[in-house]
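Commentary on secondary and tertiary structure
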Amino acid sequence: MKKILTILVLSALTLSAQAKVKLPHLIGDNMVLQQQTDARLWGWAQPGKTVKVSVSWTNEVVSTKADKNGEWLVKVKTPKASYEPLSITFDDGEPLTIKNVVAGEVWVCAGQSNMEMPVKGFWMCPVKDYNQVVIDAANHQGVRSVKIPSVMRAEPQKDAQCEWRQCSPKTVGEFSATGYFFARTMHQALNIPIGLIEANKGGTRVESWLTKENLKKFTSDPTDSVEICKKWEKYDYHRSLLWGNGTFNPILNFTVKGILYYQGCSNVGDPGDQYSERMKLLVEQWRSQFGLGEIPFYFVQIAPYEYDGDVNAISGALLREQQYKASKIIPNSSLICINDLVYPYEFTQIHPTQKQQVGERLAYTALNRDYGFEGLMYQSPSFKDMQVKGDAIMIHLEDNYHTDAPFEDMQGFEIAGEDKVFHPATARHFWQEGGGYWDEAIIISSPEVKNPVAVRYCFKNFQIGNVKNGGNLPLFPFRTDNWEK
């Protein structure tokens, strides 16, 4: 009889343990909820079990039933952003409450190592002004982040071992540097909580994040996990599909404002327009998977670096050109130029130390486009048109905010004649009285080229120019030719 009672007690305890609702790790204490929206909350319970969700900011209770797999999902209306601690209770017979939740703005930090790079830096790769950032972190406790572990999986995952962390001098070193400087600037401007979901992996290709369906339809990459591992046996970070399954899929139910993306180094050398087309494909995929409409997608152009061990080759420049093309074909997107954010000695450093301005430029973009800060100048200038005038080429720029600077001694230009040989060029601001369209321009010439036909600006793996606009933002590298070298 005693044995039977013991079995009954153990069975009851087992049922009780099974009855308690289970949440994904992404939904937990210290979480940031996207403000003023229908935010999704989800988890697991016994199949057919009713789950009730109540929140501290309203009396409304939302109920649903777990499906045959034990999965459930509800939507709750979130309040206006504030620092007020909120709580959420999930009850399927045994309540579970998460605390210190806040409403604010939530952004995803995606991509490869230059997004993954923490405020404390990588080994042999420091972040500029780290100590001052740590001291200042106490002023930005409204910034919170969660790091999704970078793992590969053969099948799409619905959960990941992670937890939200609040910004403080003790924790800020672990935050994504680019992400944190974005969030810090947003926090300064909006004075509301900012949440970052860091789902990235160093060295990944754009294909690393595509689904099996998209890989099969648009690429020649294998989609069987064994074959994937065989193909990229040496460099596992190049593997298709697996990183998206393990590292990005767990966040797709979360309600976010937009996506920040810094990636491209591992796709240098891709042919033709392959990269821009696959970038567009990836953004379409993510927007479809999040199911939140055409959410903002703001991404970073790769920095100068000596790809293939040659600063003067153009493989990196071609990838930057592809990123610029992608920005023109992806709706509600914007590209951040960082051609000026490397030091001359960093030609072998693929993780440049100047991350603060990268994050700030992403924030300027979001603040202008999504939060009403219309006075912010966020767009880098880009090539508009050209005209050959004698032995010189004259060009106009777009998005220059009425300023092409410096006035003299512009650095980074080259011109070529019909022989397709480029020579360093002298460039300066050109103006003459007359009121015609070409009376104000940048005029570019070289004594080595008498009949120029093409111009390039910083169109090399590693070349730093000095041309900026009225917002002190750098000119996008460009070329007017389509030559192979």
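Residues numbered from 1 in each chain as written. Predicted model: local features only at pLDDT ≥ 70, side-chain atom pairs only at ≥ 80, totals over all residues. Heavy atoms only, no water.

For the rest of this paragraph, the subject is the sheet that holds strand E20 (residues 454–457). Overall, antiparallel pairing links the 4 strands, which are arranged E17-E16-E20-E21 in an open sheet. Pairing within the sheet leaves two strands with one partner each, and these edge strands are strand E17 (422–424) and strand E21 (478–479). Pairing analysis gives 3 bridges linking strand E16 (residues 413–416) to E17, with the strands arranged antiparallel. Bridging from a neighbouring strand, Glu414 pairs with Pro424 of E17. (Pairing = 2+ DSSP bridges. Helix = DSSP H or I, 4+ residues; strand = E, 2+ residues; numbered from the N terminus.)

The next subject is the packing of helix H4 (residues 177–190) against helix H10 (residues 356–370). For the pair H4 and H10, the least separation of the axes is 7 Å and the interaxial angle reads 45 degrees. Taken together, the axis directions place H4 and H10 in an arrangement best described as oblique. Note on packing geometry: the crossing formed by H4 with H10 is right-handed. Residue-level inspection shows Thr178, Phe181, Phe182, Arg184, Thr185, Met186, Ala189 and Leu190 of H4 in contact with H10, the latter providing Gln356, Val358, Gly359, Glu360, Leu362, Ala363, Tyr364, Ala366 and Leu367. Per-class residue counts for the contact of H4 with H10 are 11 nonpolar, 4 polar and 2 charged. (Axes fitted to C-alpha atoms, helices over the stretch in contact; angles between N-to-C directions. Parallel < 35°, antiparallel > 145°, perpendicular 65-115°, else oblique. Left-handed = near helix turned anticlockwise from the far one by under 90°. Contact = heavy atoms within 4.5 Å. Nonpolar A, V, L, I, M, F, W, Y, C, P; charged D, E, K, R; others polar.)

Right, let's talk about the pairing of strand E4 (residues 61–65) for a bit. Every regular strand shows the same layout, with side chains that alternate between the two sheet faces. Only one face of E4 is buried: it carries Val62 and Thr64, and the other face, with Val61, Ser63 and Lys65, is open. Looking at chain direction, strand E3 (residues 50–55) and E4 are connected through 5 bridges and run antiparallel. From the neighbouring strand, Thr50 faces E4, where its bridge partner is Lys65. Adjacent in sequence and paired antiparallel, E3 and E4 are bridged by 5 residues. (Buried < 20%, exposed > 50% of the residue type's maximum accessible area, 1.4 Å probe, protein only.)

As a further point, take the pattern of salt bridges. Scanning all chains against the criterion turns up 18 salt bridges. Between Lys468 and Asp340 there is a salt bridge; the shortest N-O distance is 3.0 Å. Pair noted here: Lys468 is in the loop between E20 and E21 and Asp340 is in the loop between strand E13 (333–336) and H10, with a separation of 128 residues, a long-range link. (Salt bridge = Lys/Arg side-chain N within 4 Å of Asp/Glu carboxyl O.)

The subject of this paragraph is the side chain of Thr89. Along the chain, the position of Thr89 falls in strand E6 (residues 82–91). At 2.8 Å, the side chain of Thr89 and the side chain of Thr97 are in polar contact. Those residues within four positions of Thr89 in sequence are excluded, and the remaining contacts are Lys52, Val53, Ser54, Pro95, Leu96 and Thr97. (Polar contact = N/O pair within 3.5 Å; in protein donor to acceptor, adjacent residues only side chain to side chain.)

We now examine the sheet that holds strand E19 (residues 440–445). Pairing is antiparallel in the open sheet, where 4 strands are placed in the order E14-E15-E19-E18. The open sheet has two edge strands, strand E14 (382–389) and strand E18 (426–431), and neither has a second partner. Pairs of neighbouring strands in the sheet enclose a mean axial angle of 30 degrees, with direction left out of account. In terms of strand pairing, E14 meets strand E15 (residues 392–398) through 7 bridges, oriented antiparallel. Across the sheet, Phe383 pairs through a bridge with Leu397, a residue of E15.

Moving on, we get to the nonpolar core. Counting 73 residues, the largest nonpolar core has Trp72, Phe90, Phe248 and Tyr261 as the members making the most contacts within it. Residues Phe181, Phe182, Ile338 and Leu362 belong to the second largest nonpolar core, which totals 40 residues. (Core = buried A, V, L, I, M, F, W, Y, C linked by side-chain atoms within 4.5 Å.)

The next subject is helix H8 (residues 274–290). Taking 1.5 Å of rise per residue, the 17 residues of H8 would be expected to cover 24 Å, and the 24 Å separating its terminal C-alpha atoms lies within 8% of that figure. Listed as buried for H8 are Tyr275, Ser276, Arg278, Met279, Leu281, Leu282, Val283, Gln285, Trp286, Arg287 and Phe290. Directly after H8, the chain includes Gly291, whose backbone phi takes a positive value near 65 degrees. (Expected span 1.5 Å × (residues − 1).)

Just geometry here; none of it tells us what the structure is for.
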